[in-house]
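Examination of the molecular architecture
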Amino acid sequence: MAKKESMKITGLENDVRVESRILEERIQKAVAEGFKQIEVTAYGQHGIGGRLWRAGHEQITVNVLGTSGQRLGSMGFANTVVEAFGPASDDVGWLNAGAQIIVHGNASNGVANAMAQGKVYIGGDIGARGMTMTKHNPRFEPPELWVFGKAGDSFAEFMAGGIAVVCGVGAEKEKDVLGYRPCVGMVGGKIYFRGKQSSYSLLDAKLITELPTEEWAWLKANLKKFLQAIGKQYLFGELSGKRSDWQILIALKPYEKNGRKLRPMSAYKLDAWDKELGAGGLIGDLSSEDRSPIGMITTGELRRFVPVWENEKYLPPCQAHCPTGIPVRKRWELIRKGKVDEAVSLVLQYSPFAATVCGYLCPNLCMQNCSRHLVNLPAVDIRVLGKASLEAQEPKRESATGRKIAIIGGGAAGLSVAWQLWLAGHEPVIFERRKQLGGKIAETIPKSRIPDDVFAHEIARLAKNIRHIHLESPLTKDKFKKLKNDYDFIVIATGATKPRKLPLEGIERAVTALDFLKESKQDSAKVGEKVVIIGAGNVGCDAAAEASRLGAKSVTLIDVQQPASFGPERRSAEAAGAKFLWPRFAKVIKRTGVELADGEMIPADTVIIAVGDIPDLSFLPESIKTEKEFIVVDDKYQTSDDQIYAIGDTVRPGLLTEAIGAGRVAASTIDGKLKGIFETYDKLPVIDFTRVKTQYFDGRENNVSDIKSCAAQCASCGACRDCGLCETICPQQAISRRALGEEAYEYVVEAELCIGCGFCAGACPTGVWYMVENTPLE
């Protein structure tokens, strides 16, 4: 199913309300056609966003404007996000089976009723009977309900599993935040709440007034996600400031409810069985031999579970989330072994921008997915290693092949594919229409983000090795046709250089973000005191930070949806005092400011448009398939012509690291075709977070800035650190270390000694050991 842009669906036609059934059919059809972002203007229709099973494993986002009816997101599927920009009616998340549902306002009765999976986030209060009859299948994560305000009566009635969190914001101090008599019939799950609660079913639940450390850690980590989802992240400090503000209601165990503890089998045999039947039970008159259970410790084929040493069989989370595929874990491992120069230089096998991107410009997805976040510790800081990579040694190039590949575009994507092809022994030839290499890094990324000498150094390294670079070489269809005849392959990496235009009255009064950032980089841009930026993505944030630097006293970014900006761009804009408003719809750009669709006027002396850019494909032959002004490619970035590849923003807007990673994939594919060698490419699955033992993390050193200390903090997820703990802890001494020559080694298990206890898997810091079911005996 091809991925498509967003679609808008309205619940009103010719001033007549569309039936709920018809509206759902249209949403289902949009999903079946490949739309991943759907905006629904609702007029009381029921069941919006539910049952979107056609989406498969790709995320579907349904934004609901207007007034949603009952059962918002009911029977929601995993990978579905339903976000209502306003209050919601009864039964939000009814029978939810995995969707994330966000309501920016109050919700009435029956929220999360009978929910089994997924998350429901309510940005206000809820009515009666919330979180009733929920359930939890242990194979999946428990369902979660988060309420910003208070809950109505009969909360968690017949709750059989899941987690509820009620923040109690805005609740009157003398009133109960969970309403009248919650937890009646509760048999499973737990409720975190903040505030007063004088009554609950003592027959079904118990109150814990002092949160255990692990409960507090879970609550804080997930509270931050909840507040971000409802746009109230600024309250995190207030809500998480006092651990003593929070309490937990937990369902009583069966034996706690009836007041009896479970009777051990030995006591039952003595007090009931033998008492009723006599000593020895049924055959006591035939034999007086001891018939107590004989312990049997199984080994070999009789073990139910066996340990497997899965060293480097999975990608660590950092590498798996790096669009360029840089082996972050391996670099820290080399530093721990004292091979600092090798660790620093390893990055050049993956990217020509060892310092520019890894040290300064990357949003650091590797750090965002570091396993240390599981226990609220800061990630290992890869930027330290990135900045140290400026003097990285070039990898050894393979023997020259004499094969020529034309690279159209000298930005991040084009330079990445050229670098990889040069390393592979081929001869890349770069054609760049501008006066310099570097694309948007050179032209539009603010100077405050990266020192000029860092980027210049890495461009010089590229220019020294890639000898055939043609600057100021714009392309026409005739020139492109000639390149196709003269070169073995062509890679299109021209980027997105044409700003998108909005059909707004007064658009001529605005400047595009691309032009503004170019002028700002050349110190020729000027702004007024009040600046409004339409579009709050990362480019808009760069423009906001620069506008502030140039003297703007007020900077406001508006967007039609929750801003997608993140990373250093978002932090720079926030540090500059920029204000984010969404959802907001611009209608007219006037001399005095921007008028919104609802009539609100935002004063502005300067208006900047930052709603994205599109590529200039005027040179492209008609045989190359395009869709919505971008080139269509497969998963290896091959176009409809198998001689031509396209990467970076010519294919889809993305991060610098994604453009660099795309260049690496395309180069690997072309190299494979030229040499007849096809290898798997970064296809290992990512390791399960739960296999990494966070108990070993040392939280005492959180602000480490030197390379060796950072390397020591790395958990080495999925790769053995040769600590020998498994060998030491094994009660049967069944594990031993076997040297394989040079520095290679493996840990092996003696099957006839191993009892399958799982101590090795339970103790392994890096998650290398794993217990699997033994092969069944015939």
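Here, every reference points to the structure presented above.
**Topic: the packing of aromatic side chains**
One pass over the structure, following the stated rule, counts 13 aromatic pairs. Look at Trp-309 and Tyr-745: their rings are 6.2 Å apart centre to centre, the planes differ by 50°, and that puts the pair in the tilted class. Within this pair, whereas Trp-309 is found in strand 14 (residues 305–309), its partner Tyr-745 is found in strand 33 (residues 744–749), the two being separated by 436 residues in sequence. Trp-309 sits in the buried class, given a relative accessible area of 17%. Look at Tyr-745 and you get buried, because its relative accessible area is 17%. Chaining the aromatic ring pairs together yields one cluster made of Tyr-121, Trp-146, Tyr-192, Trp-218 and Phe-226. When the ring centre of Phe-697 is taken as reference, the NZ or CZ atom of Arg-372 above it lies at 5.8 Å.

**Regarding the nonpolar core**
Core analysis: the biggest nonpolar cluster contains 89 residues, and Trp-332, Phe-353, Phe-480, Ile-492 and Ile-647 have the highest contact counts within it. It is helix 12 (residues 412–423) that provides the largest number of residues to this core, a total of 9 residues. Setting aside anything within four residues of it in sequence, one finds Ile-492 in contact with Ile-408, Phe-480, Phe-619, Leu-620, Ile-631, Ile-644, Tyr-645, Ala-646, Ile-647 and Thr-650. Counting 50 residues, the second-largest nonpolar core is a separate cluster that includes Val-31, Val-147, Cys-183 and Leu-249.

**Digging into helix 17 (residues 538–549)**
Over its 12 residues, helix 17 runs 17 Å from end to end, which matches the ideal 16 Å to within 8%, given 1.5 Å per residue. Taking burial as the measure, the 12 residues of helix 17 include 9 buried ones, the bulk of the element. Buried residues of helix 17: Asn-538, Gly-540, Cys-541, Asp-542, Ala-543, Ala-544, Ala-545, Glu-546 and Ala-547, and no others. The inward-facing, buried residues of helix 17 abut helix 16 (513–521), strand 21 (530–534), strand 22 (554–558), helix 18 (567–575), strand 23 (579–581) and strand 27 (606–609). The first or second residue beyond helix 17 is Gly-551, which carries a positive phi of 115°.

**Describing the sheet that holds strand 20 (residues 511–512)**
Overall, parallel pairing links the 5 strands, which are arranged 20-27-21-22-23 in an open sheet. Every other strand in the sheet has two partners, leaving strand 20 and strand 23 as the edge strands with one partner each. Pairing analysis gives 2 bridges linking strand 20 to strand 27, with the strands arranged parallel. Residue Val-511 lies in a different strand from strand 27, and its bridge partner there is Ile-608. Strands in contact with helix 17 are strand 21, strand 22, strand 23 and strand 27; relative to strand 22, the strand with the most contacts, it is inclined by about 170°.

**Brief notes about the sheet that holds strand 4 (residues 37–43)**
Either a parallel or an antiparallel arrangement is found when strands of a sheet pair, and the pairing is made through backbone hydrogen bonds. Pairing in this open sheet of 11 strands is mixed, and the strands run 1-4-5-6-7-8-9-10-11-13-12 from one edge to the other. Across the chains shown, the open sheet's two edge strands, defined by having one partner strand only, are strand 1 (7–10) and strand 12 (205–208). Adjacent strand axes in the sheet meet at a mean angle of 15°, parallel and antiparallel pairs treated alike. Across 5 bridges, the pairing between strand 11 (residues 188–194) and strand 13 (residues 246–251) is antiparallel. The residue bridging Ile-191 from the neighbouring strand is Leu-249, located in strand 13.

**Quick notes on the pairing of strand 6 (residues 80–84)**
Counting buried positions over the 5 residues of strand 6 gives 5, a clear majority of the element. Here strand 6 shows no split at all, with Thr-80, Val-82 and Ala-84 on one side and Val-81 and Glu-83 on the other all buried. Here 5 bridges tie strand 5 (residues 60–67) to strand 6, and the two strands are oriented parallel to one another. Bridge pairing in strand 6 places Val-64 opposite Ala-84.

**A look at the pattern of salt bridges**
Note that side chains of opposite charge can pair when their charged atoms are close. If you walk through the whole model with that rule in mind, you get 40 salt bridges. Across the salt bridge formed by Lys-196 and Asp-176, the nearest N and O atoms sit 3.1 Å from each other. Separated by 20 residues along the polypeptide, Lys-196 in the loop between strand 11 and strand 12 and Asp-176 in the loop between strand 10 (160–166) and strand 11 bring together distant segments of the chain. The exposure class of Asp-176 is buried, given its relative accessible area of 17%.

**Focus on the packing of helix 12 against helix 19 (residues 656–675)**
Axes are the key here: two packed helices are described by the angle between their axes and the distance separating the axes. Following both chains from N to C, one finds helix 12 and helix 19 inclined at 35°, their axes separated by 8 Å at the closest point. At the point where helix 12 passes helix 19, the crossing takes the right-handed sense. Residue-level inspection shows Ala-412, Ala-413, Ser-416, Val-417, Gln-420 and Leu-421 of helix 12 in contact with helix 19, the latter providing Leu-656, Ala-659, Ile-660, Gly-663, Arg-664, Ala-666, Ala-667 and Ile-670. Taken together, the residues that form the contact of helix 12 with helix 19 break down as 10 nonpolar, 3 polar and 1 charged.

**A few points about the side chain of Thr-132**
Examined against the element boundaries, Thr-132 turns out to sit in the loop between strand 8 (117–122) and strand 9 (144–147). Assessed through its relative accessible area of 5%, Thr-132 is described here as buried. Look past the residues within four positions of Thr-132 in its chain and what remains in contact with it is Ala-112, Asn-113, Ala-114, Ser-154, Ala-156 and Glu-157.

**So, a nonpolar patch on the surface**
A surface patch of nonpolar side chains, about 550 Å² in accessible area, is lined by Met-265, Tyr-268, Trp-273, Leu-277 and Leu-282. Along the chain, Trp-273 falls in helix 5 (residues 265–277).

**Looking at the packing of helix 12 against helix 14 (residues 452–465)**
As a packed pair, helix 12 and helix 14 sit with axes 11 Å apart at the nearest point and diverge in direction by 45°. Here helix 14 runs oblique to helix 12, going by the angle between their axes. In this structure, helix 12 crosses over helix 14, and the sense of that crossing is left-handed. For the pair helix 12 and helix 14, the contacting residues are Leu-415, Trp-419 and Trp-422 in the first and Ile-459, Arg-461, Leu-462 and Asn-465 in the second. Looking at side-chain class alone, the contact of helix 12 with helix 14 contains 5 nonpolar, 1 polar and 1 charged residues.

**A few points about the pairing of strand 33**
Note that strand 32 (residues 735–741) and strand 33 share 6 bridges and pair antiparallel. By the bridge assignment, Gly-741 is partnered in strand 33 with Ala-744. Count of turn residues in the strand 32/strand 33 antiparallel hairpin: 2 residues, of which Glu-742 carries a positive phi of about 55°.

**Overview of unusual backbone geometry**
Residue Pro-583 is bonded to the preceding Trp-582 through a cis peptide linkage, with omega at -10°. Following the sequence through the fold, Pro-583 ends up in the loop between strand 23 and strand 24 (586–590). Residues other than glycine seldom take positive phi values, yet Met-75 does so here, at roughly 55°. One can find Met-75 in the loop between strand 5 and strand 6.

Quick notes on the rules
- Residues numbered from 1 in each chain as written.
- Predicted model: local features only at pLDDT ≥ 70, side-chain atom pairs only at ≥ 80, totals over all residues.
- Heavy atoms only, no water.
- Phe/Tyr/Trp six-rings, centres within 6.5 Å; stacked < 30°, edge-to-face > 60°.
- Helix = DSSP H or I, 4+ residues; strand = E, 2+ residues; numbered from the N terminus.
- Buried < 20%, exposed > 50% of the residue type's maximum accessible area, 1.4 Å probe, protein only.
- Lys NZ or Arg CZ within 6 Å of the ring centre and 35° of its normal.
- Core = buried A, V, L, I, M, F, W, Y, C linked by side-chain atoms within 4.5 Å.
- Contact = heavy atoms within 4.5 Å.
- Expected span 1.5 Å × (residues − 1).
- Pairing = 2+ DSSP bridges.
- Axes fitted to C-alpha atoms, helices over the stretch in contact; angles between N-to-C directions.
- Salt bridge = Lys/Arg side-chain N within 4 Å of Asp/Glu carboxyl O.
- Left-handed = near helix turned anticlockwise from the far one by under 90°.
- Nonpolar A, V, L, I, M, F, W, Y, C, P; charged D, E, K, R; others polar.
- Patch = residues over 30% accessible without salt bridge, like charges linked within 9 Å, V, L, I, M, F, W, Y side chains within 5 Å.
- Areas by Shrake-Rupley, 256 points an atom, 1.4 Å probe, with all protein chains shown as cover.
- Parallel < 35°, antiparallel > 145°, perpendicular 65-115°, else oblique.

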